[in-house]
Amino acid sequence: MSAIHTAAGGDSRTRSAGRSPGLGAARRRRLPRLAGWLGVVPLLVFAVVVFGLAFATMVFGAFTTPETAPGGAHLTGANMSASLHGAYLTALLGSVKLSAVSALIATVVGLPIAHVIVTSRFHSLRKAVLAASGVLANFGGVPLAFAFVATLGNAGVLTSRFHLRSHGWNLYGFWGLTLVYLYFLIPLMVLTLTPALEGLRRQWGEAARNNGANAFQYWTHVALPILTPSLLGGYVLLFGSAFSAYATAAAMVGSSVPLVTMQIADALSGNVLVGQGNVALALGVDMVLVAGLVMAVQLPLQRRSARWLA
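Presented here is a report on the structure given in the accompanying data block. (Residues numbered from 1 in each chain as written. Predicted model: local features only at pLDDT ≥ 70, side-chain atom pairs only at ≥ 80, totals over all residues. Heavy atoms only, no water.)

## Description of helix 8 (residues 202-210)
For step 1, the next point in the chain: When helix 8 is considered as a whole, its buried residues turn out to be Trp204, Gly205 and Ala208. Viewed along the axis of helix 8, the buried residues span an arc of 95 degrees, placing them on a single side of the element. Along helix 8, the residues that are exposed and aim more than 90 degrees away from the buried face are Arg202, Gln203, Arg209 and Asn210.
For step 2, the next point in the chain: Just downstream of helix 8, Gly212 is the residue with a positive phi angle, here 90 degrees. (Buried < 20%, exposed > 50% of the residue type's maximum accessible area, 1.4 Å probe, protein only. Helix = DSSP H or I, 4+ residues; strand = E, 2+ residues; numbered from the N terminus. Arc of directions from axis to C-beta.)

Listed below in structure tokens is the structure:
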């Protein structure tokens, strides 16, 4: 009987000893994960404080009346309703149209430029173009507006030299603002597409040529289908960049082109109507919703593209 207990005790100790290394390995695997989460905590706190509180305040103001209103502050849907009617809706649709058109042109123009950069044998030229694209993609605001006004405005250098006004040119309209936006959208698309084009494997082109495909067939049947998620993701990125731009349009066209960012500025400053600050917050919520839809399209496209180009 004692022998049985001894054997049982030995078996239990053996089992516990066999389990302990596994438990230790599990703990060791959890430690890097815990350390990774601890490293993310400052970023999460920053995002909650900087973005979360601002968004919560904006949503609260969009669905409440001002404290100076009759009856004080109370919940209402009038601000959101007003932001989707009249001049506010026109400005929102104008921003969507301008962003969609300028992003589409930048995508079409940026793809061949990025392809030439990736396939170029001159590494110094490639570095110079990429460096310039990085600078130009972040160049905007009042300096960009002034540069275009001095060059292509009504009394600009090129406008006067080539008599562009007699041909119907107008910088202070929709297409003029689109041209200005392309100045920083095309370099941004070049920077976005360059890594994707570098991910195209040389073996794919060689296999297409070995099977009798020409360059056009290779691009239409191999390269473009693979690059489509990256192209759409870049288009969405450019759309968001153009959609949120304010300073360049404010300095150049003012209110001649209806944009939602202009309407927000006018409502906050009371240039048109006094006491429309909460409507401006509702317009901000509309912009966040549009940006959320854009991000919902971009993220799955990036994941799909990464599977091919990794």
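## Digging into the nonpolar core
For step 1, the next point in the chain: Within the largest apolar cluster, 57 residues are counted, with the highest numbers of intra-cluster contacts made by Leu177, Tyr181, Leu200 and Leu259.
For step 2, the next point in the chain: Counting only elements with at least two residues in this core, the list comes to helix 3 (86-119), helix 5 (142-152), helix 7 (174-198), helix 8, helix 9 (215-243), helix 10 (247-252), helix 11 (260-269) and helix 12 (277-309).
For step 3, the next point in the chain: The dominant element in this core, judged by the number of residues it contributes, is helix 7, at 13 residues.
For step 4, the next point in the chain: Non-local contacts of Leu177, meaning those with residues more than four positions away in its chain, are made with Leu98, Leu171, Ala249, Met252, Val253, Val257 and Leu259. (Core = buried A, V, L, I, M, F, W, Y, C linked by side-chain atoms within 4.5 Å. Contact = heavy atoms within 4.5 Å.)

## Quick look at unusual backbone geometry
For step 1, the next point in the chain: Positive phi outside glycine occurs at His163, with the angle close to 50 degrees.
For step 2, the next point in the chain: Structurally, His163 can be placed in the loop between helix 6 (157-161) and helix 7.

## Observations regarding the packing of helix 7 against helix 9
For step 1, the next point in the chain: Relative orientation of the contacting elements helix 7 and helix 9 amounts to 140 degrees, with a least axis distance of 10 Å. Considered as vectors, helix 7 and helix 9 are oriented oblique to each other. Seen along the crossing, helix 7 lies across helix 9 with a hand that is right-handed. Residues Tyr181, Phe184, Leu185, Leu188, Met189, Thr192, Leu193, Ala196 and Leu197 of helix 7 lie in contact with helix 9, whose contacting residues are Trp219, Leu227, Ser230, Leu231, Gly234, Tyr235, Leu237, Leu238, Ser241 and Ala242.
For step 2, the next point in the chain: Split by residue class, the contact of helix 7 with helix 9 holds 15 nonpolar, four polar and no charged. (Axes fitted to C-alpha atoms, helices over the stretch in contact; angles between N-to-C directions. Parallel < 35°, antiparallel > 145°, perpendicular 65-115°, else oblique. Left-handed = near helix turned anticlockwise from the far one by under 90°. Nonpolar A, V, L, I, M, F, W, Y, C, P; charged D, E, K, R; others polar.)

## What to know about the packing of aromatic side chains
For step 1, the next point in the chain: Using the criterion set out here, one finds seven aromatic pairs in the structure.
For step 2, the next point in the chain: Between the aromatic rings of Tyr181 and Phe184, the centroid separation amounts to 5.5 Å while the plane-to-plane angle is 50 degrees, which identifies the pairing as tilted. Taken together, the positions of Tyr181 and Phe184, both in helix 7 and three residues apart, correspond to about one turn of that helix. This pair shows no difference in class: Tyr181 is buried, exactly as Phe184 is.
For step 3, the next point in the chain: What links up through ring pairs into an aromatic cluster is the set Phe139, Phe148 and Tyr183.
For step 4, the next point in the chain: The ring of Phe174 carries Lys97 above its face, with NZ or CZ at 4.9 Å from the centroid. (Phe/Tyr/Trp six-rings, centres within 6.5 Å; stacked < 30°, edge-to-face > 60°. Lys NZ or Arg CZ within 6 Å of the ring centre and 35° of its normal.)

## Re the pattern of salt bridges
Any two side chains of opposite charge can pair if their charged atoms end up close together.
For step 1, the next point in the chain: In this structure the tally under the stated criterion is one salt bridge.
For step 2, the next point in the chain: In this structure, Arg126 and Glu198 form a salt bridge, with 1.8 Å as the shortest nitrogen-oxygen distance. Taken as a pair, Arg126 in helix 4 (residues 123-136) and Glu198 in helix 7 lie far apart in primary sequence, 72 residues in all. (Salt bridge = Lys/Arg side-chain N within 4 Å of Asp/Glu carboxyl O.)

## Section: helix 3
For step 1, the next point in the chain: Look at helix 3: 50 Å from first C-alpha to last across 34 residues, which is about the 50 Å you get at 1.5 Å a residue.
For step 2, the next point in the chain: Along helix 3, the sharpest kink reaches roughly 30 degrees, centred on Gly110 and followed within four residues by the proline Pro112. (Expected span 1.5 Å × (residues − 1). Bend = angle between axes of the 7 residues up to and from the residue.)

## Examining the packing of helix 3 against helix 11
For step 1, the next point in the chain: Where helix 3 meets helix 11, the closest approach of the two axes is 7 Å, and the angle between their N-to-C directions is 140 degrees. Judged on the interaxial angle alone, helix 11 and helix 3 are oblique. Listed contacts from helix 11 to Ala87, Tyr88, Ala91, Leu92 and Ser95 of helix 3 are Val260, Thr261 and Gln263.
For step 2, the next point in the chain: In terms of residue class, the contact of helix 3 with helix 11 is made up of five nonpolar, three polar and no charged.

## Thoughts on the side chain of Thr107
For step 1, the next point in the chain: Relative to the elements of secondary structure, Thr107 occurs in helix 3.
For step 2, the next point in the chain: The contacts of Thr107, once residues within four sequence positions are left out, are Met189, Leu231, Tyr235 and Leu238.

## A word on the environment of Leu237
For step 1, the next point in the chain: Relative to the elements of secondary structure, Leu237 occurs in helix 9.
For step 2, the next point in the chain: Classification of Leu237 as partly exposed rests on a relative accessible area of 35%.
For step 3, the next point in the chain: It is 9.5 Å that separates the C-alpha atoms of Leu237 and Leu185, two residues lying 52 residues apart in sequence.
For step 4, the next point in the chain: The residues touching Leu237, leaving out its near neighbours within four places in the chain, are Leu188, Thr192 and Gln298.

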